[in-house]
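Each chain is listed here by its residues.
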Amino acid sequence: MQPLIITVAITGAEISKDKVPHLPTTAEEQALEAKKCFDAGATILHLHVRDENNEPTQSLMFYQKSYDAIKSACPEMILQVTTGGSVKDTPEMRATPLKLSPEMSSLNMGTMNFGDDIFMNDTRTILYLAEQIQSHNVVPELEIYDLGMLEYAGDLVHKGILKSSFKIQFVLGVRGGASGDPDNLTFLVTKAKKIFGENVLWSVAGIGRYQLPLCEQAIQMGGHVRVGLEDNLLIAKGQPATSNVDFVNIMNELATKYQRQIATSSQARRLLAL
Ligand code: KMH
Ligand code: ZN
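Here's what I pulled together on the structure shown here. (Residues numbered from 1 in each chain as written. Chains lettered and ligands numbered in written order. Predicted model: local features only at pLDDT ≥ 70, side-chain atom pairs only at ≥ 80, totals over all residues. Heavy atoms only, no water.)

1. Section: the coordination of the zinc ion (ligand 2)
Piece 1. Of the protein atoms, only H46 (NE2), H48 (NE2) and E230 (OE) coordinate the zinc ion (ligand 2), at distances of 2.1 Å.
Piece 2. Written as a sequence motif, the donor arrangement for the zinc ion (ligand 2) is H-x1-H-x181-E. Each of the two residues, H46 as well as H48, counts as buried. (Donors = N, O, S within 2.8 Å, 3.2 Å for Na, K, Ca; no water. Buried < 20%, exposed > 50% of the residue type's maximum accessible area, 1.4 Å probe, protein only.)

Encoded structure:
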């Protein structure tokens, strides 16, 4: 099996700092958190940033601050900026962090209900962001919340619209997308292999209570994982995480249980063709 790539989504756009004071929101907090997570085995950091009021922002100035702070604390970590932003952001705002030419970014593959909001990813938005991603030589992670989005991703790859290497991320458990039922992951992985071939690079991000069981399933199945406070606040029922590193540590335990090596950053770069 491939060595296990652990992605950590340390901040996100939805969680409020007032409610979760240990959420890293400043550049300094994000850099410290990145270093702890990298030292514990996370090789990719999925990055959203916050403004001076700890509100989500797509401002280049705040991305630049966090990006520089994380790079200097943790030069080997692979930075993956969001192009999902928050549900309020325009496509142009969502594309802003690509100006930093990071190694990776997310690319969301369809419109959906996102809790009580609408997460707008019409084809115009997807094609615009895909074009921006490729013009900055960034490797996309395709965010798949349901079956139709996987099939659409297949179309983009097979029509040559998405030309670079890519990673698939199944995001399961958002209210409005497929749930974190283990059968859903099994089915989506089977389907992804049919569309892209046996060696497709895939990972799972489970939302809330789905995070840890889906990661365990992915580790057993030979896939990769994303953990972190963007998606989940609890390490067990009623037990809040105190830091993103708590989740990375749990991934290490699961990797040992299923005899998976943890990928180094150079192994992850090789798998991602970065
Ligand atoms: N904040 C969500 C609306 C991504 O980063 O690409 C979208 C999101 C996905 O977090
Ligand atoms: Zn995100």
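Having seen the model, we can carry on.
2. Here's the deal with the pattern of salt bridges
Piece 1. If you walk through the whole model with that rule in mind, you get twelve salt bridges.
Piece 2. In this structure, R269 and E76 form a salt bridge, with 3.7 Å as the shortest nitrogen-oxygen distance. A residue pair is termed long-range when its members are at least 10 positions apart, and R269 in helix α9 (residues 265-272) and E76 in the loop between α2 (60-73) and β5 (78-81) qualify at 193 residues.
Piece 3. With a relative accessible area of 18%, R269 lands in the buried category.
Piece 4. The residue R175 makes a salt bridge to D116 at a minimum N-O spacing of 3.4 Å. Here R175, found in the loop between β10 (167-172) and α6 (182-196), pairs with D116, found in the loop between β7 (112-114) and β8 (117-119); they are 59 residues apart in sequence, far enough to count as distant. For the pair R175 and D116, one class covers both residues: exposed.
Piece 5. Beyond isolated ion pairs, a larger network of salt bridges with shared partners links E76, E103 and R269. (Salt bridge = Lys/Arg side-chain N within 4 Å of Asp/Glu carboxyl O. Helix = DSSP H or I, 4+ residues; strand = E, 2+ residues; numbered from the N terminus.)

3. Structural notes on the packing of helix α1 (residues 27-39) against helix α8 (residues 244-257)
Piece 1. Axis separation between α1 and α8 bottoms out at 9 Å; the angle between their running directions is 10°. Considering the angle they form, α1 stands roughly parallel to α8. Counting all contacts with α1, which are made through E33, K36 and C37, the residues of α8 involved are N244, V245 and V248. (Axes fitted to C-alpha atoms, helices over the stretch in contact; angles between N-to-C directions. Parallel < 35°, antiparallel > 145°, perpendicular 65-115°, else oblique. Contact = heavy atoms within 4.5 Å.)

4. Side note on the site of ligand 1
Piece 1. As a structural note, the neighbourhood of ligand 1 is formed by 14 residues, with E14, T82, G85, S106 and N108 the closest of them.
Piece 2. Between an oxygen atom of ligand 1 and a main-chain N or O atom of G84, the distance comes to 3.5 Å.
Piece 3. Protein chains bury 98% of the 300 Å² of accessible surface belonging to ligand 1 in isolation.
Piece 4. Residue composition of the shell around ligand 1, grouped by class: five nonpolar, seven polar and two charged. (Near = heavy atom within 4 Å. Polar contact = N/O pair within 3.5 Å; in protein donor to acceptor, adjacent residues only side chain to side chain. Areas by Shrake-Rupley, 256 points an atom, 1.4 Å probe, with all protein chains shown as cover. Nonpolar A, V, L, I, M, F, W, Y, C, P; charged D, E, K, R; others polar.)

5. Concerning the nonpolar core
Piece 1. Grouped together as the largest cluster of nonpolar side chains are 79 residues, with contacts concentrated most on M109, I168, F170, F196 and M251.
Piece 2. Top contributing element to this core by residue count: α8, with seven residues.
Piece 3. With sequence-adjacent residues up to four places away left out, M251 is seen in contact with L4, I6, L212, C215, I219, V225 and V227.
Piece 4. Ranked by size, the runner-up nonpolar core spans nine residues in total, among them I78, M104, V139 and L272. (Core = buried A, V, L, I, M, F, W, Y, C linked by side-chain atoms within 4.5 Å.)

6. Things to note about the sheet that holds strand β9 (residues 139-144)
Pairing between the strands of a sheet is mediated by backbone hydrogen bonds and can be parallel or antiparallel.
Piece 1. Here we have eight strands rolled up into a closed barrel, ordered β1-β2-β5-β6-β9-β10-β11-β12, and parallel in their pairing. The mean angle between the axes of side-by-side strands here comes to 25°, regardless of whether they run parallel or antiparallel.
Piece 2. Across five bridges, β10 lies against strand β11 (residues 202-206) in parallel orientation. From the neighbouring strand, V171 faces β11, where its bridge partner is A205.
Piece 3. Sheet strands in contact with α8 are β1 (6-9), β2 (42-47) and β12 (224-227), and its direction is about 160° off that of β1.
Piece 4. The sheet strands contacting α9 are β2, β5, β6 (104-108), β9, β10 and β12, and the helix crosses β5 at an angle near 50°. (Pairing = 2+ DSSP bridges.)

7. Some details on the packing of aromatic side chains
Piece 1. Here the structure, examined in full by the defined rule, presents five aromatic pairs.
Piece 2. The ring of Y210 has R209 sitting right over it, with the charged end atom 4.5 Å from the ring centre. (Phe/Tyr/Trp six-rings, centres within 6.5 Å; stacked < 30°, edge-to-face > 60°. Lys NZ or Arg CZ within 6 Å of the ring centre and 35° of its normal.)

8. Looking at helix α7 (residues 211-221)
Piece 1. Considered for burial, the residues of α7 that qualify are Q211, L212, L214, C215, Q217, A218 and I219.
Piece 2. Contact partners of the buried residues in α7: β10, α6, β11, β12, β13 (234-236) and α8.
Piece 3. Phi turns positive one or two residues past the end of α7, at G222, with a value near 95°.

9. Some details on the state of the cysteines
A covalent bond bridging the sulfur atoms of two cysteines is what the word disulfide describes.
Piece 1. The tally for this structure, following the rule as stated, stands at zero disulfides.
Piece 2. The cysteine C74 is free of any disulfide, with C37 supplying the nearest cysteine sulfur at 8.7 Å.
Piece 3. Given the relative accessible area of 2%, C74 is considered buried. (Disulfide = S-S within 2.5 Å.)

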